[in-house]
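A closer look at the structure
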Amino acid sequence: MILTIDIGNSNIVFGVYGEDRLLFSSRVKTDPLRTETEYAVLLSNLLAFHDCPAKSLEGAALSSVVPGLTPVLRAAVGLLTDLPVLAVGPGVKTGLDIRIDNPGELAGDLVCTAVGAMEHYPLPAIIIDLGTATKITVVDERRRYIGGAIAPGVAVSLGALTKSASLLPAVSLDSKIKPICGDTAGAMLSGSILGAASMLDGMIDRFCEVIGEAKTVVACGGLAPMVIPHCRRRIILDEGLLLSGLLAVYRKNR
Ligand SMILES: Nc1ncnc2c1ncn2[C@@H]1O[C@H](COP(=O)(O)OP(=O)(O)O)[C@@H](O)[C@H]1O
Ligand SMILES: CC(C)(COP(=O)(O)O)[C@@H](O)C(=O)NCCC(=O)O
Ligand SMILES: [K+]
């Protein structure tokens, strides 16, 4: 079994694969102040909860966009097993031809979702990751990662709106949404969720004007199930995309 860890700005996702099958995945809040011991206890509990003893793990890989937590999670895994942990970064084989101004700047999450799309879907692919930030990226038909767009995430922008406007309440994201709303909270949800869905439809059109018709448009990230169903474009929802890409990177470097 292979342990995969995706350290995002809001959440850390732990996943365990047996062969190609994701046996389980669990999302926990990212807390930069937690120690390696705390993360080790948390991980150990998750493994026990899913009947997966640490000694049955044969490998581990992580992707991180929070550099301060990378050594902490690596050390946490080290407290449970003596397996080395592969961290996605410069020097790691991905199979992607990274064609951007400064390839070293490309974060692990963007590498992993691109590899996941390249391994599992026809190219060219447009990849959407709705997390803390909304990322829209492209892998072309020659397996080249050619860049993309980064926008404020849906929850981040809703939070910023609440903070910046005295009369606007905090609203929680939920799925009952219509475009024209007579109440403030509903109107904010319409603007945030239908606004994000429309933005994605529009960005996909613009991306396709550059790359030609995409053979795949695939979405992942904690907020994808809330937004993607409202898009008019056909978009595949693949919540395991990042971890499946991370697993593929792990295998290429074994
Ligand atoms: N049910 C929910 N209600 C509100 N916000 C949510 C919900 N689920 C996830 N989020 C938000 O989704 C974002 C996290 O998505 P995720 O893909 O886990 O992010 P990251 O990979 O950046 O850590 C955060 O902005 C978080 O507040
Ligand atoms: C854009 C991001 C902040 C997104 O983070 P996330 O939403 O996954 O928490 C992250 O991928 C990042 O810090 N990227 C570095 C810049 C880049 O890759 O171009
Ligand atoms: K992520």
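Residues numbered from 1 in each chain as written. Chains lettered and ligands numbered in written order. Predicted model: local features only at pLDDT ≥ 70, side-chain atom pairs only at ≥ 80, totals over all residues. Heavy atoms only, no water.

The name given to the protein in an unreviewed UniProt entry is Type III pantothenate kinase, with Yanshouia hominis as the source organism. Listed under Catalytic activity (unreviewed entry) in UniProt, the entry text for the protein is "(R)-pantothenate + ATP = (R)-4'-phosphopantothenate + ADP + H(+)". (UniProt positions renumbered as here; feature names shortened; annotations may be inferred.)

**Some remarks on the UniProt feature "active site" (unreviewed entry) in the protein**
UniProt records the feature "active site" (unreviewed entry) for Asp109 in the present numbering. Along the chain, the position of aspartate 109 falls in helix H3 (residues 108-120). Once residues lying within four places of it in the same chain are set aside, the contact partners of aspartate 109 are Ser63, Val65, Lys135 and Leu242. (Helix = DSSP H or I, 4+ residues; strand = E, 2+ residues; numbered from the N terminus. Contact = heavy atoms within 4.5 Å.)

**Some words on helix H5 (residues 184-211)**
The terminal C-alpha atoms of H5, which comprises 28 residues, lie 39 Å apart, in line with the 40 Å expected from a rise of 1.5 Å per residue. Remark: the principal bend of H5, roughly 25 degrees, maps to glycine 195. Of the residues trailing H5, glycine 212 is marked for its positive phi of about 85 degrees. (Expected span 1.5 Å × (residues − 1). Bend = angle between axes of the 7 residues up to and from the residue.)

**Digging into the domain arrangement of the protein**
Along its sequence, the protein is carved into domain 1 (2-87) and domain 2 (97-246). With 16 residues of domain 1 at the contact, the number on the domain 2 side is 12 residues. Buried area between domain 1 and domain 2, both sides added, is near 900 Å², and the carbon and sulfur share of it is 66%. Looking only at domain 1, the three residues that lose the most surface to domain 2 are Tyr17, Ser63 and Val65, adding up to 38% of its buried area. At the junction of domain 1 and domain 2, the tally comes to 0 salt bridges. The interface formed by domain 1 and domain 2 holds 4 residue pairs in polar contact (both at pLDDT 80 or more) in total. Broken down by element, the side of domain 1 that touches domain 2 gets its largest block of residues, 4 residues, from strand E4 (residues 59-64). (Domains from an automatic or database assignment. Buried area = accessible area lost by both parts, 1.4 Å probe. Salt bridge = Lys/Arg side-chain N within 4 Å of Asp/Glu carboxyl O. Polar contact = N/O pair within 3.5 Å; in protein donor to acceptor, adjacent residues only side chain to side chain.)

**Looking at the UniProt feature "binding site: substrate" (unreviewed entry) in the protein**
Look at the UniProt record and you will see "binding site: substrate" (unreviewed entry) annotated at Thr184. As for its position among the elements, threonine 184 is in helix H5. Judged by relative accessible area, threonine 184 falls into the partly exposed class, the value being 42%. Ignoring anything within four residues of it in the chain, the contact list for threonine 184 reads Leu168 and Pro169. (Buried < 20%, exposed > 50% of the residue type's maximum accessible area, 1.4 Å probe, protein only.)

**Focus: unusual backbone geometry**
For the peptide bond that leads from leucine 123 to proline 124, omega is 5 degrees, which places it in the cis range. With respect to the helices and strands, proline 124 occurs in the loop between H3 and strand E7 (125-130). A positive phi angle is found at aspartate 51, which is not glycine, with a value near 60 degrees. With respect to the secondary-structure elements, aspartate 51 resides in the loop between helix H1 (36-49) and E4. Aspartate 51 gets classed as exposed once you look at its relative accessible area, which sits at 71%. Even without glycine at this site, arginine 143 takes up a positive phi of about 60 degrees. Tracing the sequence through the fold places arginine 143 in the loop between strand E8 (133-139) and strand E9 (144-152).

**Quick word on the side chain of threonine 134**
Inspection of the secondary structure puts threonine 134 in strand E8. Note on threonine 134: relative accessible area 2%, which makes it buried. The contacts of threonine 134, once residues within four sequence positions are left out, are Asp129, Ala149, Ile150, Ala151, Pro152, Gly153, Val154, Met199 and Leu200.

**Digging into the site of ligand 1**
Close contacts around ligand 1 come from 14 residues, with Ser10, Asn11, Arg27, Thr132 and Gly222 the closest. Take asparagine 11: an N or O atom from its main chain is 2.7 Å from an oxygen atom of ligand 1. Side-chain polar atom of threonine 132 to an oxygen atom of ligand 1: 2.5 Å apart, as the coordinates give it. Considering ligand 1 on its own, with 570 Å² of exposed area, one finds that the protein chains cover 71% of that surface. (Near = heavy atom within 4 Å. Areas by Shrake-Rupley, 256 points an atom, 1.4 Å probe, with all protein chains shown as cover.)

**Digging into the sheet that holds strand E5 (residues 85-87)**
Ordered by their spatial adjacency, 5 strands build an open sheet running E3-E2-E1-E4-E5, and the pairing between neighbours is mixed. Looking at which strands have only one partner, the edges of the open sheet turn out to be strand E3 (21-29) and E5. This sheet shows a mean twist of 20 degrees between the axes of neighbouring strands, independent of strand direction. In terms of strand pairing, strand E1 (residues 2-7) meets strand E2 (residues 11-18) through 6 bridges, oriented antiparallel. Within E2, the position partnered with aspartate 6 by the bridge is valine 13. Contacts from H1 reach E1, E2 and E3 within the one sheet, and its direction differs from that of E3 by about 140 degrees. (Pairing = 2+ DSSP bridges. Axes fitted to C-alpha atoms, helices over the stretch in contact; angles between N-to-C directions.)

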